[in-house]
Amino acid sequence: MSCEKYENLIPSYLENEMEEAEKKELLRHIEGCPNCREQLKALQYMQSMLGREEAPAKPPAKMKARIYARLYRDLLIIFAGLVIIVSMVAISGGLAQMFLLDDRFMAMKGFFLAGIILIIAGLIILTYDILVDIFKLSIKKNKL
(Lines give C-alpha, C1' and ligand atoms only; values in the text may rest on other atoms or scores of the structure.)
Protein backbone atom coordinates (compact mmCIF):
# COMPACT_ATOMS: atom_id res chain seq x y z
CA MET A 1 0.00 0.00 0.00
CA SER A 2 1.15 3.54 -0.68
CA CYS A 3 1.15 6.39 1.87
CA GLU A 4 -2.02 7.77 0.30
CA LYS A 5 -3.88 4.56 1.12
CA TYR A 6 -2.55 4.61 4.69
CA GLU A 7 -3.54 8.26 5.07
CA ASN A 8 -7.07 7.30 4.03
CA LEU A 9 -7.10 4.58 6.71
CA ILE A 10 -6.15 6.91 9.57
CA PRO A 11 -9.69 8.30 10.13
CA SER A 12 -11.05 4.74 10.31
CA TYR A 13 -8.34 3.93 12.85
CA LEU A 14 -9.28 6.92 14.99
CA GLU A 15 -12.94 5.90 14.90
CA ASN A 16 -12.08 2.25 15.73
CA GLU A 17 -13.75 1.11 12.51
CA MET A 18 -11.11 -1.23 11.12
CA GLU A 19 -10.16 -4.84 11.47
CA GLU A 20 -7.29 -5.87 13.69
CA ALA A 21 -5.07 -6.94 10.76
CA GLU A 22 -5.50 -3.58 9.02
CA LYS A 23 -4.88 -1.78 12.29
CA LYS A 24 -1.59 -3.63 12.86
CA GLU A 25 -0.48 -2.95 9.29
CA LEU A 26 -1.31 0.74 9.63
CA LEU A 27 0.52 1.04 12.96
CA ARG A 28 3.56 -0.73 11.50
CA HIS A 29 3.59 1.74 8.59
CA ILE A 30 3.14 4.74 10.89
CA GLU A 31 6.15 3.66 12.97
CA GLY A 32 8.36 3.90 9.89
CA CYS A 33 6.71 6.83 8.09
CA PRO A 34 7.15 10.32 9.59
CA ASN A 35 4.58 11.88 7.24
CA CYS A 36 1.80 9.48 8.18
CA ARG A 37 2.79 9.73 11.84
CA GLU A 38 2.51 13.53 11.61
CA GLN A 39 -0.90 13.26 9.95
CA LEU A 40 -2.10 10.90 12.69
CA LYS A 41 -0.93 13.36 15.35
CA ALA A 42 -2.63 16.24 13.54
CA LEU A 43 -5.94 14.36 13.30
CA GLN A 44 -5.70 13.31 16.96
CA TYR A 45 -5.11 16.95 17.87
CA MET A 46 -8.12 18.08 15.84
CA GLN A 47 -10.24 15.39 17.50
CA SER A 48 -9.16 16.60 20.91
CA MET A 49 -10.00 20.19 19.99
CA LEU A 50 -13.48 19.09 18.94
CA GLY A 51 -14.09 17.78 22.45
CA ARG A 52 -13.72 14.07 21.86
CA GLU A 53 -11.03 13.86 24.52
CA GLU A 54 -11.03 15.46 27.95
CA ALA A 55 -7.53 16.94 27.86
CA PRO A 56 -6.44 18.52 24.56
CA ALA A 57 -3.19 17.23 23.14
CA LYS A 58 -0.38 19.50 22.04
CA PRO A 59 -0.44 20.34 18.33
CA PRO A 60 2.30 18.64 16.32
CA ALA A 61 5.37 20.81 15.76
CA LYS A 62 5.07 20.65 11.97
CA MET A 63 1.43 21.78 12.12
CA LYS A 64 2.39 24.77 14.25
CA ALA A 65 5.27 25.63 11.91
CA ARG A 66 3.00 25.47 8.83
CA ILE A 67 0.42 27.74 10.46
CA TYR A 68 3.06 30.29 11.47
CA ALA A 69 4.65 30.16 8.01
CA ARG A 70 1.31 30.83 6.31
CA LEU A 71 0.50 33.61 8.76
CA TYR A 72 3.92 35.20 8.16
CA ARG A 73 3.44 34.97 4.40
CA ASP A 74 -0.02 36.53 4.52
CA LEU A 75 1.20 39.38 6.73
CA LEU A 76 4.17 39.92 4.42
CA ILE A 77 1.88 40.22 1.38
CA ILE A 78 -0.45 42.62 3.24
CA PHE A 79 2.52 44.73 4.33
CA ALA A 80 3.91 44.84 0.78
CA GLY A 81 0.51 45.88 -0.56
CA LEU A 82 0.23 48.66 2.00
CA VAL A 83 3.74 49.86 1.19
CA ILE A 84 2.88 50.01 -2.50
CA ILE A 85 -0.37 51.90 -1.82
CA VAL A 86 1.39 54.45 0.40
CA SER A 87 4.13 54.85 -2.17
CA MET A 88 1.63 55.50 -4.96
CA VAL A 89 -0.03 58.22 -2.85
CA ALA A 90 3.35 59.78 -2.12
CA ILE A 91 4.40 59.62 -5.77
CA SER A 92 1.15 61.20 -6.97
CA GLY A 93 1.46 63.97 -4.38
CA GLY A 94 5.04 64.65 -5.38
CA LEU A 95 4.17 64.69 -9.07
CA ALA A 96 1.25 67.04 -8.47
CA GLN A 97 3.51 69.40 -6.57
CA MET A 98 6.21 69.35 -9.21
CA PHE A 99 3.94 69.90 -12.19
CA LEU A 100 0.94 71.81 -10.89
CA LEU A 101 2.08 73.88 -7.92
CA ASP A 102 4.91 76.28 -7.44
CA ASP A 103 8.21 75.46 -5.78
CA ARG A 104 7.24 76.77 -2.34
CA PHE A 105 6.39 73.30 -1.04
CA MET A 106 9.62 71.40 -1.42
CA ALA A 107 8.43 68.74 1.04
CA MET A 108 6.24 67.28 -1.70
CA LYS A 109 9.32 66.43 -3.72
CA GLY A 110 10.53 64.54 -0.67
CA PHE A 111 7.24 62.62 -0.65
CA PHE A 112 7.82 61.76 -4.29
CA LEU A 113 11.29 60.38 -3.56
CA ALA A 114 10.02 58.53 -0.47
CA GLY A 115 7.26 57.06 -2.62
CA ILE A 116 9.78 55.80 -5.17
CA ILE A 117 11.83 54.19 -2.40
CA LEU A 118 8.72 52.61 -0.85
CA ILE A 119 7.48 51.18 -4.13
CA ILE A 120 10.89 49.64 -4.76
CA ALA A 121 10.81 48.11 -1.26
CA GLY A 122 7.29 46.75 -1.83
CA LEU A 123 8.27 45.22 -5.14
CA ILE A 124 11.34 43.63 -3.58
CA ILE A 125 9.16 42.07 -0.87
CA LEU A 126 6.69 40.70 -3.41
CA THR A 127 9.51 39.39 -5.62
CA TYR A 128 11.04 37.67 -2.60
CA ASP A 129 7.71 36.00 -1.82
CA ILE A 130 7.30 34.81 -5.41
CA LEU A 131 10.85 33.41 -5.49
CA VAL A 132 10.27 31.55 -2.21
CA ASP A 133 7.10 29.99 -3.68
CA ILE A 134 8.96 28.93 -6.83
CA PHE A 135 11.75 27.44 -4.71
CA LYS A 136 9.25 25.49 -2.57
CA LEU A 137 7.50 24.15 -5.68
CA SER A 138 10.80 22.99 -7.17
CA ILE A 139 11.67 21.18 -3.92
CA LYS A 140 8.24 19.50 -3.88
CA LYS A 141 8.70 18.36 -7.49
CA ASN A 142 12.12 16.88 -6.67
CA LYS A 143 10.65 14.95 -3.71
CA LEU A 144 7.99 13.39 -5.92
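Okay, so let's go over this structure. (Residues numbered from 1 in each chain as written. Predicted model: local features only at pLDDT ≥ 70, side-chain atom pairs only at ≥ 80, totals over all residues. Heavy atoms only, no water.)

### Some points on the packing of helix α2 (residues 20–32) against helix α3 (residues 34–49)
Now for step 1: Where α2 contacts α3, the two axes come as close as 6 Å, and the packing angle between them is 110°. Taken together, the axis directions place α2 and α3 in an arrangement best described as roughly perpendicular. In this structure, α2 meets α3 at a crossing whose hand is left-handed. On α3, the residues touching His29, Ile30, Glu31 and Gly32 of α2 are Pro34, Cys36, Arg37 and Leu40.
Now for step 2: The residue inventory of the contact of α2 with α3, partitioned by class, reads four nonpolar, two polar and two charged. (Axes fitted to C-alpha atoms, helices over the stretch in contact; angles between N-to-C directions. Helix = DSSP H or I, 4+ residues; strand = E, 2+ residues; numbered from the N terminus. Parallel < 35°, antiparallel > 145°, perpendicular 65-115°, else oblique. Left-handed = near helix turned anticlockwise from the far one by under 90°. Contact = heavy atoms within 4.5 Å. Nonpolar A, V, L, I, M, F, W, Y, C, P; charged D, E, K, R; others polar.)

### Notes on the side chain of Glu38
Now for step 1: On the secondary structure map, Glu38 appears in helix α3.
Now for step 2: Buried and unpaired, Glu38 has no salt bridge, with Lys41 as the nearest side chain of opposite charge at 5.1 Å.
Now for step 3: If we skip the residues at most four places from it in the chain, Glu38 touches Pro60, Ala61, Lys62 and Met63. (Buried < 20%, exposed > 50% of the residue type's maximum accessible area, 1.4 Å probe, protein only. Lys, Arg positive; Asp, Glu negative; His and termini not counted. Salt bridge = Lys/Arg side-chain N within 4 Å of Asp/Glu carboxyl O.)

### So, unusual backbone geometry
Now for step 1: Not every positive phi belongs to a glycine, and Asn16 is a case in point at roughly 55°.
Now for step 2: Its place among the elements puts Asn16 in the loop between α1 (3–14) and α2.
Now for step 3: For Asn16, a relative accessible area of 61% gives the class exposed.

### Points about the environment of Ile117
Now for step 1: Turning to its location among the elements, Ile117 is positioned in helix α5 (residues 107–143).
Now for step 2: The exposed category is assigned to Ile117, whose relative accessible area is 58%.
Now for step 3: Residues Ile117 and Ser87, spaced 30 residues apart in sequence, show a C-alpha to C-alpha distance of 7.7 Å.

### Here's the deal with the environment of Met18
Now for step 1: Along the polypeptide, Met18 turns up in the loop between α1 and α2.
Now for step 2: Residue classification places Met18 among the buried residues on the basis of a relative accessible area of 12%.
Now for step 3: Setting aside anything within four residues of it in sequence, one finds Met18 in contact with Leu9, Ser12, Tyr13, Lys23 and Leu26.

### Focus: a positive patch on the surface
Now for step 1: Where like charges cluster on the molecular surface, the positive patch consists of Arg37, Lys41, Lys62, Arg66, Arg70 and Lys136.
Now for step 2: Mapped by element, the contributors of at least two residues to the positive patch are α3 and α4 (61–100).
Now for step 3: Counting residues per element, the positive patch draws most heavily on α4, at three residues.
Now for step 4: Locating Lys41 in the fold gives a position in helix α3.
Now for step 5: For Lys41, a relative accessible area of 43% translates into the label partly exposed. (Patch = residues over 30% accessible without salt bridge, like charges linked within 9 Å, V, L, I, M, F, W, Y side chains within 5 Å. Areas by Shrake-Rupley, 256 points an atom, 1.4 Å probe, with all protein chains shown as cover. Charge placed at Lys NZ, Arg CZ, Asp CG, Glu CD.)

By themselves, these figures tell us nothing about what the structure is for.
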